[in-house]
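Topology and contacts: notes
Residues per chain are reported as follows:
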Amino acid sequence: SAVISQKPSRDICQRGTSLTIQCQVDSQVTMMFWYRQQPGQSLTLIATANQGSEATYESGFVIDKFPISRPNLTFSTLTVSNMSPEDSSIYLCSVRSESPDTQYFGPGTRLTVL
Amino acid sequence: KQEVTQIPAALSVPEGENLVLNCSFTDSAIYNLQWFRQDPGKGLTSLLLIQSSQREQTSGRLNASLDKSSGRSTLYIAASQPGDSATYLCAVRGDSNYQLIWGAGTKLIIKP
């Protein structure tokens, strides 16, 4: 299993500012995933963060808005840039285990943009 | 394009009842299906994983079934307890390398 921590756990931010969310895993993993969960909605994958290369973004998400860093195999950051109220969501970091095939999630960062 | 739907969106039942949560998916060509539990401020926890070749999986009071041909999975919770209150999410993986496709979840409240 993997234990994942995220910081901050929650934040209230002003429109137009940026917030960087940190994700720390207790073991080395190849891929880390960033998800967004808007109120009452299912999880949506933002991007896959690979160590040593640029993140792979899903349709509808761009690097300028959600820059991601992956400096080593246990850590990643997601920045939500130039925030608007529509960015108010829970942001979740996740890693995949191959045996058993499951995914582990951090506790999430609850972001409110005013 | 795979779509995952969970019905109902919310459910409230008295403690001790047996209950069933439903998950449906539009493309039956799946690799596996997973049920997760989400508690506020605690992220998601994997409950059960069913491979495409399996029909069901059990863990304690939980039993998940899979019917690929009809595009359905159910999560059965026996003898529900207030501690079972959470949001339950279903997710489907279409291929071993594909991302998970998520349902919107069922918010379950067990009343003491």
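I will try to describe carefully the structure that is included in this document. Quick caveat, the model's predicted, so the values are computed rather than measured. (Residues numbered from 1 in each chain as written. Chains lettered and ligands numbered in written order. Predicted model: local features only at pLDDT ≥ 70, side-chain atom pairs only at ≥ 80, totals over all residues. Heavy atoms only, no water.)

**Details of the overall build of chain A**
Helices and strands together make up the secondary structure of chain A, namely 0 helices and 11 strands. Scanning chain A from its N terminus toward the C terminus, one meets helices and strands in the order β-β-β-β-β-β-β-β-β-β-β. Taken over C-alpha atoms, the radius of gyration comes to 13 Å for chain A, in line with the 13 Å a tight globule of 114 residues would show. Judged by the C-alpha coordinates and their principal axes, chain A covers about 40 × 25 × 25 Å. Expressed as a percentage of the 114 residues in chain A, the buried residues total 52%. Taking as baseline every contact in chain A between residues at least 6 positions apart, the subset at least 24 positions apart corresponds to 53%. (Helix = DSSP H or I, 4+ residues; strand = E, 2+ residues; numbered from the N terminus. Rg over C-alpha atoms; globule rule 2.2 N^0.38 Å. Buried < 20%, exposed > 50% of the residue type's maximum accessible area, 1.4 Å probe, protein only. Contact = heavy atoms within 4.5 Å.)

**Quick look at the interface of chain A and chain B**
With 16 residues of chain A at the contact, the number on the chain B side is 21 residues. Counting the surface lost from both chain A and chain B, the interface buries some 1300 Å², and carbon and sulfur atoms represent 47% of this. Area buried by chain A at its contact with chain B is led by R96, D101 and F105 of chain A, which between them contribute 33% of it. Inspection of the region where chain A meets chain B yields 0 salt bridges. Applying the counting rule to chain A against chain B returns 6 residue pairs in polar contact (both at pLDDT 80 or more). Counting only elements with at least two residues in the side of chain A that touches chain B, the list comes to β4 (31-37), β5 (43-50), β9 (89-98) and β10 (101-105) of chain A. Looking at which element gives the most residues to the side of chain A that touches chain B, the answer is β10 of chain A, with 4 residues. (Buried area = accessible area lost by both parts, 1.4 Å probe. Salt bridge = Lys/Arg side-chain N within 4 Å of Asp/Glu carboxyl O. Polar contact = N/O pair within 3.5 Å; in protein donor to acceptor, adjacent residues only side chain to side chain.)

**Comments concerning the side chain of N63 of chain B**
All names here are of chain B. Positionally, N63 belongs in strand β7 (residues 62-67). With relative accessibility at 18%, the residue N63 sits in the buried group. A polar contact is formed between the side chain of N63 and the side chain of E56, at a distance of 3.1 Å. A distance of 2.8 Å separates the side chain of N63 from the side chain of T58, its partner in a polar contact. If near-sequence neighbours (up to four positions away) are discounted, N63 is found in contact with L48, E56, Q57, T58, T74, L75 and Y76.

**Some details on the state of the cysteines**
Put plainly, two cysteines are in a disulfide when a covalent bond ties their sulfur atoms together. All told, the structure shown has 2 disulfides over all chains when counted by the stated rule. Put simply, C23 of chain A and C93 of chain A are joined by a disulfide, and their sulfur atoms are 1.9 Å apart. Disulfide C23 of chain A to C93 of chain A: torsion about the S-S bond roughly -70°, handedness left-handed. Highlighted residues: C23 of chain A in strand β3 (residues 19-25) and C93 of chain A in strand β9, separated in sequence by 70 residues. Note that C23 of chain B is cross-linked by a disulfide to C90 of chain B, the S-S spacing being 1.9 Å. Taking the sign of the torsion about the S-S bond as the criterion, the disulfide between C23 of chain B and C90 of chain B, at about -55°, is left-handed. With a gap of 67 residues between them, C23 of chain B in strand β3 (residues 19-25) and C90 of chain B in strand β9 (residues 86-93) connect regions that are remote in the sequence. For the residue pair C23 of chain B and C90 of chain B, the accessibility class agrees, reading buried in each case. Free of any disulfide, C13 of chain A has its nearest cysteine sulfur in C23 of chain A, 18 Å distant. (Disulfide = S-S within 2.5 Å.)

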